[in-house]
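# Residue-level structure breakdown
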Amino acid sequence: MIWLAWRQFRVQAAVGLFVLIVFAALFGVTHSHVLHLYNTAVKPCGKVGDCHSVTNAFLNHYDFYEHLVQFSIAAPALIGAFWGAPLVAREFESGTIRLTWTQSEMRVKWLAAKLAVAGAASAIFVGLFSLMATWWSSSWDQVNGDPYSTFDVRNIVPVGYALFAFALGVALGVLIKRTLPAMAATFVTYGVVRVFYNLHIRPHLMSPLTSTTKFYAPFAGGAGPAFNGPPLREALIVSNTTLNKAGKVIGQNGGIGANGEFNFSLPNKVGGHAYFDGVGRCPNAFPATARPPVGTEIHSGPGPATVKAMNTCINSFHLTSVLKYQPLDRYWTFQWYELGSYLILAALLSVFSFWWVRRR
Amino acid sequence: MSAVIKTEGLTKRYHRNVALSDCTLEIPEGHVVGLVGPNGSGKSTLLNLAVGLLRPSEGSIEVFGERPAAGPDQLRRVGFVAQDTPTYSGLSVHDHLRFGEHTNPRWDASLAQRRVEQLGLDLRRRAGRLSGGQRAQLALTVAIAKRPDLLVLDEPVASLDPLARREFLQILMETVAEHSVSVILSSHLVADVERVCDYLVILASSKVQLSGEVEDLLSTHHRLIGPRDPVSDLSNTQVVIESRHTDRQSTLLVRSDGPIVDPQWIVEAATLEDIVLAYMGQGKRSPLDSDVA
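None of these values were measured; they are calculated from a predicted model.

### Thoughts on the overall build of chain B
A tally of regular secondary structure across chain B gives nine helices and 14 strands. Taking 19 Å as the expected radius of gyration for a compact globule of 293 residues, we find that chain B reaches 21 Å, a close match to that expectation. Projected onto the principal axes, the alpha-carbon positions of chain B cover approximately 70 × 40 × 35 Å. Scored against the burial criterion, the 293 residues of chain B give a buried share of 42%. Intrachain contacts of chain B at a sequence separation of at least 6 include 71% that bridge at least 24 residues.

Next up, the structure:
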């Protein structure tokens, strides 16, 4: 049965191999250039001083990088739709199931062989791809300095996604018995599960750390830090709420209100009072220069006197920022946890496929 | 003699449609069984139940005394050529033989090889590029080389032209003679069945209308032609299966174990086609007679 499974899969395997070779070539050709750029421009800039523009230029240099990220995200879904869904559905559709299921081997064995061959290919394909992508991006990632932002497309988790997507495709194929609808269903279900997991499960795999600070205005200049964000840029932010003096939550995402906004409504006439939107009336007077044309609000770029007035206003409310986050040193724990959860899902889906095939 | 297929109260429903209803049947070993009936009468359903591709909604079916597809040994004993003779269109003829070899412990490679040569099939040709007849032959080859004790064929010749059809049936008969295998094949054409079968099962309206050896059926069924409104009734050992009437005369198809001696009737031997059509009709409109003007 392994023979048949392989014989049926070999064209798809060849396509997969071809894609891998194309990417390997692209990675190989561009990697030395990336490394050269990193070693000659980014690395020495630390000694000279301002690295910001250099690193930005470096990060923006590669269009290829963007496409790489897109493919990394899509690859497991493609595997689920093109390798998983047709695996059994096509046999139903073409009627060959009636040929295969009436030979002398049990259909469970047949499914096991198919799952083993195509499943192993899925894991190997995505595993190798992720290995290459992780290797190629290492200097890029170092400069970017935010490992959680590329969590899904690096290291070991893509293997979990691929096996999950594959098992999902097979199960939906078994259930729907038609290739195209099964493929579409695989795409949609895979996307929904991934988004749900990223938003609602990953941040809570371990209980997050908490950091409580005074609320600062999220802009540069004047008093206070430049950014009212996390203390560690490399952390995975679970929540960033703003609390008022009484300890009530009045804002999300490091700002005020559900969307984390940060606005001041300035007085229409000189000597009037400004409002810190969503919080209250400022007790202090704002400088005349803060007054913009009538009816507009300030989002950025206020002058130093205005910033000072805003900070005075903010401080008068005694707000606190409560940041819940997963620190960088949990990165690998999270990789293993997430790999594990997707492998469990893949196993459950496969059990379902076996059960369904047996029961028919 | 033990039964090849034995069903009891076998019923298969698809959602609300009844495909097979309360079917009780026992087919002895060593026959070439023709399963006939109009389209949609449940032939395919019965055969798919027999090879274990479907499960009964109610009742039971046993093949060689076991539930179909119960285990590898049971699967090995039954060869199946499904309707439209599915094959892997991307796989070559040679691949199909390898497939058979890999999935069947009693695979007869030399038989398969011989048959493919006889048929003049190109081993490298993909199944998708074979003609309908060749594909049917390939499917039959895989089923036969498995060396089953029962060969089940679901409308194997339905899509073939008359020449290919005759060739297919001929090869089938040779195989049966050579390997003493029981066969059950379905068809909606009586002519095919007549040519090769010695046992007949008639399905109509999802019920078994008649089953028995062809010879017995022919000897117990008679065509009676006589005046309309006969003077004397037929005796109660004689059952009217079908009656057709014109203004002046009636034609009856009658089942009777003994000979019919009644001067008002001209008694003819019924053909298999007469019998099949009569029983199919019976399934459709049980007690009512049809009038032919």
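Having seen the model, we can carry on.
### Observations regarding the overall build of chain A
Along the backbone of chain A there are ten helices and seven strands. Put simply, chain A has 360 residues, and 31% of those count as buried. Taking contacts inside chain A between residues at least 6 apart in sequence as the whole, the part at least 24 apart equals 72%.

### What to know about the interface of chain A and chain B
Facing the 15 residues of chain A at the interface are 20 residues of chain B. Breaking the side of chain A that touches chain B down by element, the ones donating at least two residues are helix H1 (2-48) and helix H4 (97-100) of chain A. The biggest single contributor to the side of chain A that touches chain B is H1 of chain A, with three residues. Grouping the constituent residues of the side of chain A that touches chain B by class yields six nonpolar, six polar and three charged.

### Side note on the environment of Leu224 of chain B
All names here are of chain B. Checked against the element boundaries, Leu224 lands in strand E10 (residues 221-227). Put simply, Leu224 and Val267 are 43 residues apart on the chain and 4.8 Å apart in space, counted from C-alpha to C-alpha. Residue contacts for Leu224: discarding those within four places in its chain leaves Leu252, Val254, Ile260, Trp265 and Val267.

### Quick word on the confidence of the model for chain B
Low pLDDT marks regions whose predicted coordinates should not be analysed in detail. The predicted model of chain B averages 85 in pLDDT, with 93% of residues at 70 or higher. As scored by the predictor, the complex reaches a pTM of 0.84 and an ipTM of 0.84.

### Notes on the domain arrangement of chain A
A common way to state how big an interface is: give the accessible area lost once the parts meet. Residues and elements named next belong to chain A. Assigned domains within chain A: domain 1 (2-205 + 330-359) and domain 2 (209-325). At the interface, five residues of domain 1 touch four residues of domain 2. Of the residues in the side of domain 1 that touches domain 2, the class split is three nonpolar, one polar and one charged.

### Remarks on the pairing of E10 of chain B
Residue and element names in this part refer to chain B. Two elements, E10 and strand E12 (residues 249-255), share seven bridges in a ladder whose sense is antiparallel. Paired with Ile225 across the bridge in E12 is Thr251. Sheet topology note: the E10/strand E13 (residues 266-269) ladder contains four bridges and is antiparallel. What sits directly across from Ile225, in E13, is Ile266.

### Looking at the sheet that holds strand E7 (residues 320-326) of chain A
Residue and element names in this part refer to chain A. The four strands lie next to each other as E1-E7-E2-E3, forming an open sheet whose pairing is antiparallel. Each of the sheet's edge strands pairs with one partner strand only, and the pair in question is strand E1 (209-214) and strand E3 (249-251). Averaged over all adjacent pairs, the angle separating strand axes in this sheet is 35°, with direction ignored. Here seven bridges tie strand E2 (residues 236-243) to E7, and the two strands are oriented antiparallel to one another. From the neighbouring strand, Leu236 faces E7, where its bridge partner is Gln326.

### Some details on the sheet that holds strand E6 (residues 150-153) of chain B
Paired through backbone hydrogen bonds, the strands of a sheet run either parallel or antiparallel to each other. Residue and element names in this part refer to chain B. Read across the sheet, six strands follow the order E5-E6-E7-E3-E8-E9 without closing on themselves; strand pairing throughout is mixed. Only two strands of the sheet have a single neighbouring strand rather than two, namely strand E5 (78-81) and strand E9 (207-213). Neighbour-to-neighbour, the strand axes of the sheet open up by a mean angle of 15°, direction not taken into account. Note that E5 and E6 share four bridges and pair parallel. The partner of Val78 across the bridge, within E6, is Leu150.

### As for the nonpolar core
Of all hydrophobic cores here, the largest spans 81 residues; its most connected members are Ala50, Val152 and Ile202 of chain B. A total of eight residues in this core trace back to one element, the largest contributor, which is helix H5 (residues 132-145) of chain B. Discounting residues that sit within four places of it in the chain, Ile202 of chain B has contacts with Val36, Gly37, Gln209, Leu210, Val276, Tyr279 and Met280 of chain B. Within the second largest apolar cluster, 48 residues are counted, among which are Ala85, Leu111, Val174 and Leu349 of chain A.

### A closer look at the domain arrangement of chain B
Residue and element names in this part refer to chain B. Under the domain assignment used here, chain B contains domain 1 (3-204) and domain 2 (216-291). Spacing between the C-alpha centres of domain 1 and domain 2 amounts to 34 Å. With eight residues of domain 1 at the contact, the number on the domain 2 side is eight residues. Its residues assigned to classes, the side of domain 1 that touches domain 2 comprises six nonpolar, one polar and one charged.

### Some thoughts on the packing of helix H7 (residues 157-176) of chain A against helix H8 (residues 179-201) of chain A
Residue and element names in this part refer to chain A. With their axes 9 Å apart at the nearest point, H7 and H8 run at an angle of 140° to one another. Judged on the interaxial angle alone, H8 and H7 are oblique. The two elements H7 and H8 meet at a crossing, and its hand is right-handed. Where H7 approaches H8, its residues Ala165, Leu168, Gly169, Leu172, Gly173 and Ile176 are matched on the opposing element by Pro181, Ala182, Ala185, Thr186, Thr189 and Tyr190. Of the residues belonging to the contact of H7 with H8, the class tally is eight nonpolar, four polar and no charged.

The rules behind each value
- Sequence positions are assigned chain by chain, starting from 1 and proceeding in written order.
- Both sets of labels track the order of writing: A upward for chains, 1 upward for ligands.
- pLDDT decides what is reported in this predicted model: residues at 70 or higher carry local features, side-chain atom pairs at 80 or more are listed and counted, and totals for whole chains, interfaces and linings draw on all residues regardless.
- For helices the rule is a DSSP run of H or I covering at least 4 residues; for strands it is a run of E covering at least 2, with both sets numbered from the N terminus onward.
- Within these notes, the globule rule equals 2.2 Å times the number of residues to the 0.38 power, and the radius of gyration is based on C-alpha atoms.
- Residues are called buried when their C-beta atom has 20 or more other C-beta atoms within 10 Å, exposed when it has 12 or fewer, and partly exposed otherwise; all C-beta atoms are positioned from the backbone.
- By the convention adopted here, residues are in contact when the distance between their C-beta atoms, placed from the backbone, does not exceed 7 Å.
- Here the nonpolar group is Ala, Val, Leu, Ile, Met, Phe, Trp, Tyr, Cys and Pro; Asp, Glu, Lys and Arg are the charged ones; every other residue, Gly included, is treated as polar.
- You can read pLDDT as the predictor saying how much it trusts each residue, on a scale of 0 to 100.
- The split into domains, and so the bounds of each, comes from an automatic or database assignment of domains.
- By definition, two strands form a pair when at least two bridges between them are found by DSSP.
- Axis lines are fitted through C-alpha atoms, for helices just across the contact stretch, and the angle between N-to-C directions can take any value from 0 to 180 degrees.
- Throughout this description, the term nonpolar core refers to a group of buried Ala, Val, Leu, Ile, Met, Phe, Trp, Tyr and Cys residues whose C-beta atoms join them within 7 Å.
- Orientation categories follow fixed angle ranges, with anything under 35 degrees roughly parallel, anything over 145 roughly antiparallel, 65 to 115 roughly perpendicular, and all other angles oblique.
- Crossing handedness is read from the near helix: turned anticlockwise from the far helix by less than a right angle, it gives a left-handed crossing, and turned clockwise, a right-handed one.

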